[in-house]
Structure formats: structure tokens, C-alpha cells
Amino acid sequence: MKKVKFNKKFYWGTATSGPQSEGFYNKPNDSNWDHWFKEEPERFFNQVGPELTSNVYEKYPTDIALMKKLNLNSIRTSIQWTRIIDDLETSSINQEGINFYKRYFQELKDNNIELFINLFHFDMPYELQKIGGFENKKVIDLYAKFAKICFEQFGEYADKWFTFNEPVVTVHAGYLADYHLPQVNDLKRAITVGFNTIVAHTRAVAEFKKVFKKDKNKQIGIILNLTPTYPASDSKEDIEASKFCDAIFNKFWLDSTIKGTFPKLLVDELTKYNLLPEYTKEDLALIKENKITIVGVNYYAPSRAKAPSKKMDKPTDLSFWFESYQMPNARMNIYRGWEIFPDAIYDIALNLKDNYGNIEWFISENGMGVENEARFRNEQGFIEDDYRIDFIKEHLYYLAKAIDEGANCKGYHLWTLVDNWSWLNAYKNRYGYIELDLPTQERKIKKSGEFIAKVAKSGEFDFEFKK
Ligand code: BGP
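Predicted, not measured: the structure shown is a model, and the values here were computed from it.

What follows covers the side chain of N32. Tracing the backbone shows N32 in helix α2 (residues 32-39). Residues within four places of N32 in sequence aside, it is in contact with M124, P125, Y126, Q129 and L181.

With that settled, consider the site of the ligand. Taken together, 13 residues are adjacent to the ligand, and Q20, H121, E166, S422 and Y431 come closest. W423 is positioned such that a nitrogen or oxygen atom in its side chain is 3.1 Å from an oxygen atom of the ligand. Here the ligand, which alone exposes 370 Å², has 93% of that area covered by the protein. Broken down by class, the residue content of the shell around the ligand amounts to 5 nonpolar, 5 polar and 3 charged.

Before going further, it helps to examine the pairing of strand β15 (residues 409-414). Buried residues dominate β15, accounting for 5 of its 6 residues. One ladder, built from 2 bridges, connects strand β13 (residues 360-365) with β15; its direction is parallel. Paired with I363 across the bridge in β15 is Y412.

Okay, the sheet that holds strand β9 (residues 303-306) next. Taken in spatial order, the 3 strands of this open sheet run β7-β9-β10, and their pairing is mixed. Of all strands in the sheet, those bounded by a partner on one side alone are β7 (229-231) and β10 (323-324). Of the pairings in the sheet, the one linking β9 to β10 comprises 2 bridges and is antiparallel in character. Across the sheet, the residue bridging to A305 is S324, located in β10.

This brings us to the environment of Q80. In this fold, Q80 is placed in the loop between β3 (74-78) and α4 (81-84). For Q80, a relative accessible area of 2% puts it in the buried group. The spacing of Q80 and N29 is 51 residues in sequence and 9.8 Å in space, taken between C-alpha atoms. In contact with Q80, other than residues within four places in its own chain, are G18, P19, E22, K27, Y101, D123 and F146. At a separation of 3.5 Å, a polar atom in the side chain of Q80 contacts the main-chain carbonyl oxygen of G18.

This next bit is on the sheet that holds β3. Around the barrel, 8 strands lie side by side as β2-β3-β4-β5-β6-β8-β13-β15; this closed barrel has parallel pairing. Here the average twist between neighbouring strands, direction ignored, is 25°. Running at roughly 165° to strand β5 (residues 158-165), helix α9 (residues 187-212) makes contact with β5 and β6 (219-225) of the sheet. Against the sheet, helix α14 (residues 386-404) touches β2 (11-15), β13 and β15, its axis set at about 170° to β15.

Below, the discussion takes up the environment of E269. Among the structural elements, E269 can be located in helix α11 (residues 264-272). Judged by its relative accessible area of 14%, E269 is buried. When the C-alpha atoms of E269 and W321 are compared, they prove to be 9.6 Å apart, with 52 residues separating the residues in sequence. The contacts of E269, once residues within four sequence positions are left out, are F244 and W321.

Bringing the side chain of S54 into the picture now. Looking at the secondary structure, you find S54 in the loop between α2 and α3 (56-69). If we skip the residues at most four places from it in the chain, S54 touches Q20, S21, K59, V418, D419, N420, Y427, L436, Q441 and R443.

All right, on to the nonpolar core then. Within the largest apolar cluster, 142 residues are counted, with the highest numbers of intra-cluster contacts made by I79, W81 and W161. Looking at this core element by element, the count peaks at 12 residues for α9. The contacts of I79, once residues within four sequence positions are left out, are I84, Y101, F105, I117, N118, L119, D123, F146, C150, F154 and W161.

All right, on to the packing of aromatic side chains then. The tally for this structure, following the rule as stated, stands at 63 aromatic pairs. Between W33 and W421, the ring centres sit 6.3 Å apart and the planes meet at 85°, which makes this aromatic pair edge-to-face. Taken together, the residues W33 in helix α2 and W421 in the loop between β15 and β16 (429-430) connect sequence positions 388 residues apart. Classification of W33 as buried rests on a relative accessible area of 2%. For the ring pair F162 and F362, a centre distance of 5.6 Å and an interplane angle of 55° mean the geometry is tilted. Residue F162 is located in strand β5, and its partner F362 is located in strand β13; the two are separated by 200 residues in the primary sequence. For the pair shown, F162 and F362 are each scored as buried. An aromatic cluster of three or more residues is present, and its members are Y25, Y57, Y60, F100, Y101, Y104, F105, F154 and Y157. When the ring centre of F116 is taken as origin, the NZ or CZ atom of K160, which lies over that ring, is 5.9 Å away. Cation over ring: K444 sits above F382, and NZ or CZ is 5.9 Å from the ring centre.

Conventions adopted
Residues numbered from 1 in each chain as written. Predicted model: local features only at pLDDT ≥ 70, side-chain atom pairs only at ≥ 80, totals over all residues. Heavy atoms only, no water. Helix = DSSP H or I, 4+ residues; strand = E, 2+ residues; numbered from the N terminus. Contact = heavy atoms within 4.5 Å. Near = heavy atom within 4 Å. Polar contact = N/O pair within 3.5 Å; in protein donor to acceptor, adjacent residues only side chain to side chain. Areas by Shrake-Rupley, 256 points an atom, 1.4 Å probe, with all protein chains shown as cover. Nonpolar A, V, L, I, M, F, W, Y, C, P; charged D, E, K, R; others polar. Buried < 20%, exposed > 50% of the residue type's maximum accessible area, 1.4 Å probe, protein only. Pairing = 2+ DSSP bridges. Axes fitted to C-alpha atoms, helices over the stretch in contact; angles between N-to-C directions. Core = buried A, V, L, I, M, F, W, Y, C linked by side-chain atoms within 4.5 Å. Phe/Tyr/Trp six-rings, centres within 6.5 Å; stacked < 30°, edge-to-face > 60°. Lys NZ or Arg CZ within 6 Å of the ring centre and 35° of its normal.

Geometric descriptors of this kind do not, in isolation, establish any biological role.
Printed below as a string of C-alpha cells:
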């Protein structure tokens, strides 16, 4: 048995996003998700859309009281562009939306819960998607204006700010697959959107610096889903495939935001196949000048890559460079189809320490979505989610080990506090420390919630690997 320990200042919290938790209430604009649900509700699990979710719009005082009960000291959520902007063309303000966030954020402040705030969580306003989303430079300008409005309106409520959540997911799911809008499959367009998202990010960082000048307490960063990439074998081909996979899913985002550069391997390959996005000298200068000082790391599963199985003359999708590989006998979260591999947290931590100047970071998402959790309800009516407790313990074990070796990780945010809405999966898989009964909106703390309340209070727990 080992004691796993964290320091007293460690952030214990949870993560969610505006579109997945707030509900629709008085939003002047539809996001991609609101629109998609109206068009094709059958794509969403049990046809449950984003209009109600866990109703944080009304329930935030209840949820904040629950955070206190669990001894949590921080939370990350996002501000919805479609809620606070009224006319998207002119970026005029929707005062009702602003007032909602002010009420919510003030309640967090009054309860000493630190707010980490994110500006974009997969939720492109649909009107702006119609004109090309981030393929259109005008949308980058509008995003920068939206960011500036957020900094000015909500600066007093948060010190830690983030421009995007998992930008690679928006690119991959929307431009190389069909589980986000605009559901196109086009490599060149995907690369353009990826690059333009970095430009948009950098424009927001530049606005941030103007608004907060030299205020030392304010930090800006990005939230990345880092997927340490392991080759399927020791063969040269698999190793090369894995390097490319890592370059596109991890290094591209880390290098551009932390170092202001792009990975050479990727630039060389894209140049070779005429796939480089359009860019200006000003874009590159902006990226160089606006580096971040904090990173949020979402970690669920690693990447495993193998060499392509078929030869192509030129790339039309990523399988030109690599294919995903699943280890035989991998430990899986079968409800989500994701491998469970806690060891990778240690690799993420050492990568940030050794290759990215030991930048400050925190786990901004980690968690386990499970279907039909009602199976685990005990006689008193509470869900006994021991699988989630084991999952959290194992990940924290590797995190603590890395911190002991000098990793600069400042906190752990579980996805999520109260079971929330999961895009196309809606309420299929539940992630929370707290159960949500969707029809009644009743909240009940699960066993994992009781567990984290103790850990957050004492900063430690006993750990033993299960055989
Ligand atoms: C991350 C997203 C979250 C959340 C989580 C769980 O990629 O940032 O928004 O949804 O994954 O995934 P899912 O909801 O698809 O099961």
C-alpha cells in the first residue's frame, strides 16, 4: 500500500462546458449543435438535444453548494459565444447573457471556488459556420472581438483563461469525419482550419495582453487533448507512423502555442504534398509573439499508431501517414471505445517538463463515461461507481509520481461535476461525481463524489494496484 500525496495548494475541481451544461435559455443565436439537433435529432442518442442539459442556467447555486460539499476548490467551464453576442455581424452584446455569467461567476467567487474560463468548446455559432467557420478570416476577427468582450466583462471573476478546448477535435471531427459540423472530409480544408484556429487563438492572446497589460495574476493558455503516441511495434515504419501521428495531434498544438513554431516533420510533409495552408508573415509573427504560460491537458486515452496498410500516391487523408492501432487485450472503456492507460499521464508530464520548459499545467479533463449506471445503485439509492474511483486513483498515482519528479502540474479536474450532455452521445455515458436524473433534474452524489471529497480535504489517499 502506498500513500499518494498532493500539496495543499493543489486544485481539485471539475470541468464542463457552456453548451453541455447550461441549457438553451434566452440564447439569441444557435450554435452548430443547436442547429444540428433541430435538423437531425435522430443523430443524437435517444434524440436528446442541448436545450435542457443539466440546466446550470438555473441550477448553478445548487451545483456550487455541491462543489463545496465535495471540498472542491476550482472549476472550468466555457462562455458561449452564442449567448453573450446578440448580432454576430457587429458583435453587439446580449446583456441578458452577460448578466447570467456574472451571477454564476459571482456565486463561485463568493464561495471561494476558483474559475478557470474557456472561450470556445466546439460551439461555433451556426451563422458563422455558414460563412465557413474558421476557414473564413472574418470569423477569426469576430472570435478575437468576442474574446476581448469576455476579458473586459468577466476579467474580475477569473485569473486563468483559455482560448480553445481540444481544437484538434473540432478539426478532425468536422473536416475529416462526420461527427461535428460541417461534416466534410477534406484534408486541405482540415489543415487550413487547424492553422486558422491557431491564428484565432493567438489573436485572443494578443487581446488578452492588451486588456490585462502587466497584471501578473492573469494567465492565458489553451486546453489540449494530449494523446501520447506509441508505435504498434519497434519496426522503423511503425515508429515513423507514430511520429507523424504525434506531430499532427500533439506537437502541432503544443509547439505553436508554447514555442511559437511548427514541427519540422509536419511542415516538410505538408510542403511536399502542397498541403500548406495560406498564411502571411504577420500570422507567423503574431504566433511567435504571443506564447502562452499555462496549458490545460485533457487526457482520456493514448494513441497507438502503425504504418499505413495501403500505398497511396498522395495523401487524401491521414491514413497516408499512419493508421490507428488497438493493442490486443488492451484495457478498454467499452462504453466509449477508449483504451484505459493511466501510465500515459506520466509520459505527458515528462514531455511538458523536458520539452516545453516545464510550463505550468493541470489536468483539465480526465474521466470515465459509463452507460446505464443505474445498475450500480445501492439500497440507499446511491450509485456505487467503484470503477470510477479506481480509474481516478490510478491516474492520480501516475500524476503524483511525475510531480515528485519535478512536473509542474497544479491540479486535477474530473470531467465532470454533474452528469452532463455529451454531444452526439447525449446522456448515454455518465461522467459525473454527481448523478443527474434528467426528467426531475435531481442531483445525487455518487460514491466517487464521497471519495474525492476526502481526497480534496486531506490531499492524499492510499493506493494499491489491483491484480
Ligand atoms: C472531451 C470534450 C468534452 C467531453 C469529453 C467526454 O473530448 O472536451 O466536451 O464531452 O470529451 O467525451 P464524450 O462526451 O464524447 O463522451
